[in-house]
Amino acid sequence: MEKLQYISQGFTKAEQELNIKKALDNGIKWIQVRWKNAPEKEFIKLCENSKLLCSEYQSVCIINDHVQIAKDIDADGVHLGLKDTSIDIARQILGENKIIGGTANSISDVLQRMNESCDYIGLGPLRFTSTKEQLSPILGFEEYKKIIQGLKEKGLEIPKIFAIGGVVLNDIELLQKIGIYGVAVSGQITNQPSIINEFKIAMQ
């Protein structure tokens, strides 16, 4: 599984598509299509276009929240928040071979996600981020450490956890030391797509 995800950004379909295309041109291999409060028809079109683009670039295309759209366009999977469709229902709709990721904000959420057998966990937010309207409590590096330590103390294998929420390039070294598998980045890649290669090098 890729260690770097790009979470798409943009206020319009055109902005979203431009940012996704720039990220792909700069070597991203995993896109999560996320466009909150979008008009439904435009969002579906964005998802369709993103899937085609990702296929062309041999990149993974994940849809945020919308399980049925992910199925209809044959996306590679879906990412679900804690209040979205359950992992079980998503699995029934999408089948065994699609990627299903789930959001977590605490160790109890992480344990829940592990029990639900999602393929990866997006744990955050690391710090304040303006891309999310209703932000969960900010974790910071210390809380990540505590969560990983807590899992180890329970004798559990550490799942594929992605840090999310205001993540920047300089965070990579510390996150990897803590035991975090990967990162989901939005703002820094949107503003500077050429930084993708530096992320990849840092995460080798």
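Per-chain numbering applies: the sequence of each chain, read as written, is numbered from 1 onward. Per-residue local features of the predicted model are confined to residues with pLDDT of at least 70, and side-chain atom pairs are confined, for both listing and counting, to 80 or more; whole-chain, interface and lining totals are unaffected and use all residues. The basis for every side-chain value is the complete set of heavy atoms in the structure, and neither hydrogens nor water enter the calculation.

Asker: What is the right way to read the nonpolar core from this model?
Answerer: Soluble globular proteins tend to pack their nonpolar side chains together in the buried interior. The biggest cluster of nonpolar side chains holds 54 residues, and the ones touching the most others in it are Val183 and Ile189. A run of H or I in DSSP becomes a helix once it reaches four residues, and a run of E becomes a strand once it reaches two; helices and strands are each numbered from the N terminus. Examining the composition of this core, we find that five residues originate from one element, helix 2 (residues 40–56), more than from any other. The contact criterion used throughout is that any non-hydrogen atoms of two residues lie within 4.5 Å. Ignoring any residue separated from it by four or fewer positions in sequence, one finds Ile189 in contact with Leu4, Tyr6, Ala23, Ile28, Ile195, Ile196 and Phe199. For our purposes a nonpolar core is just a set of buried Ala, Val, Leu, Ile, Met, Phe, Trp, Tyr and Cys residues, chained together by side-chain atoms within 4.5 Å. Accessible area is worked out with a 1.4 Å probe on protein chains only. A residue is then buried under 20% of its type maximum, exposed over 50%, and partly exposed in between. Counting six residues, the second largest nonpolar core, distinct from the first, contains Ile99, Tyr120, Phe162 and Tyr181.

Asker: It is not clear to me how helix 2 should be interpreted in this structure. Could you clarify?
Answerer: The periodicity of an α-helix, 3.6 residues per turn, causes residues three or four positions apart to be oriented the same way. Taking 1.5 Å per residue as the helical rise, helix 2 with its 17 residues ought to reach 24 Å, and the 24 Å between its terminal C-alpha atoms agrees with that figure. Among all positions in helix 2, only Phe43, Leu46, Cys47, Ser50, Lys51, Leu53 and Cys54 are buried. Within helix 2, the buried residues cover an arc of 165 degrees as seen down the axis, which keeps them to one side. Every exposed residue of helix 2 that faces more than 90 degrees away from the buried side is listed here: Lys41, Leu52 and Glu56. Once helix 2 finishes, Gln58 follows within two positions and takes phi at roughly 55 degrees, a positive value. Take the residue count of a helix, subtract one, and multiply by 1.5 Å to get its expected span. Note that the arc is computed from the directions linking the helix axis to the C-beta atoms.

Asker: It is not clear to me how unusual backbone geometry should be interpreted in this structure. Could you clarify?
Answerer: Negative phi values dominate among residues other than glycine, just as trans dominates among peptide bonds. For the bond from Gly124 to Pro125, the omega torsion is 5 degrees, close enough to zero to count as cis. Backbone geometry at Gln58 places phi at a positive 55 degrees, although glycine is not the residue there. Examined against the element boundaries, Gln58 turns out to sit in the loop between helix 2 and strand 3 (60–64).

Asker: Would you mind showing me how to read the pairing of strand 7 (residues 161–164) here?
Answerer: Within a regular strand, the side chains alternate between the two sheet faces. Sheet analysis places strand 6 (residues 120–123) next to strand 7, joined by three bridges and oriented parallel. Counterpart to Leu123 in the pairing with strand 7 is Ala163. Note that strand 7 and strand 8 (residues 182–185) share three bridges and pair parallel. Pairing of Ile164 across the sheet is with Ala184, part of strand 8. Two strands are counted as paired when DSSP detects at least two bridges linking them.

Asker: Sorry, what's going on with the side chain of Ser50 here?
Answerer: With respect to the helices and strands, Ser50 occurs in helix 2. In protein, a polar contact requires one atom able to donate a hydrogen and another able to accept it; more generally it is a pair of N or O atoms within 3.5 Å, and residues adjacent in sequence count only if both atoms are side-chain atoms. Of note is the side chain of Ser50, whose polar atom sits 2.7 Å from the backbone oxygen of Leu46. Residues contacting Ser50, with those up to four places away along its chain left out, are Ile20, Val33 and Cys61.

Asker: Help me understand the pattern of salt bridges, please; the structure alone is not making it clear to me.
Answerer: Side chains bearing opposite charge may pair, as long as their charged atoms lie close to each other. Between Lys or Arg on one side and Asp or Glu on the other, a salt bridge is scored when a side-chain nitrogen of the former is within 4 Å of a carboxyl oxygen of the latter. Overall, the coordinates contain 11 salt bridges when judged by the stated rule. A salt bridge links Lys146 to Glu143; its shortest N-O distance comes to 3.8 Å. Separated by three residues within a single helix, Lys146 and Glu143 lie in helix 6 (residues 140–153), roughly one turn from each other.

Asker: Explanation requested: the packing of aromatic side chains in the structure shown.
Answerer: To describe a pair of aromatic rings, you give the distance between the ring centres and the angle between the ring planes. Here a pair means two rings of Phe, Tyr or Trp (six-membered ring of Trp) with centres within 6.5 Å. Their orientation is stacked below 30 degrees between planes, edge-to-face above 60, and tilted elsewhere. Applying the stated criterion to the full structure yields four aromatic pairs. Ring centres of Tyr120 and Phe162 lie 5.2 Å apart, and the angle between their planes is 70 degrees; on these two criteria the pair is classed as edge-to-face. Taken together, the residues span a long stretch of sequence, with Tyr120 in strand 6 and Phe162 in strand 7 at a distance of 42 residues. Comparing Tyr120 with Phe162 shows no difference in burial state: the two are buried. Between Phe162 and Tyr181 the ring centres are 5.5 Å apart and the planes differ by 65 degrees, which places this aromatic pair in the edge-to-face class. Residue Phe162 is located in strand 7, and its partner Tyr181 is located in the loop between helix 7 (172–178) and strand 8; the two are separated by 19 residues in the primary sequence. The same class applies to Phe162 and to Tyr181, which are both buried. Following the ring pairs from residue to residue traces out a cluster consisting of Trp30, Tyr120, Phe162 and Tyr181. Positioned above the aromatic ring of Tyr181 is the side chain of Lys3, whose terminal nitrogen or guanidinium carbon lies 5.4 Å from the ring centre. Think of it as a cone above the ring: NZ of Lys or CZ of Arg counts as a charge over the ring if it is within 6 Å of the ring centre and within 35 degrees of the ring normal. Over the aromatic face of Tyr181 sits the side chain of Lys160, whose NZ or CZ is 5.5 Å from the ring centroid.

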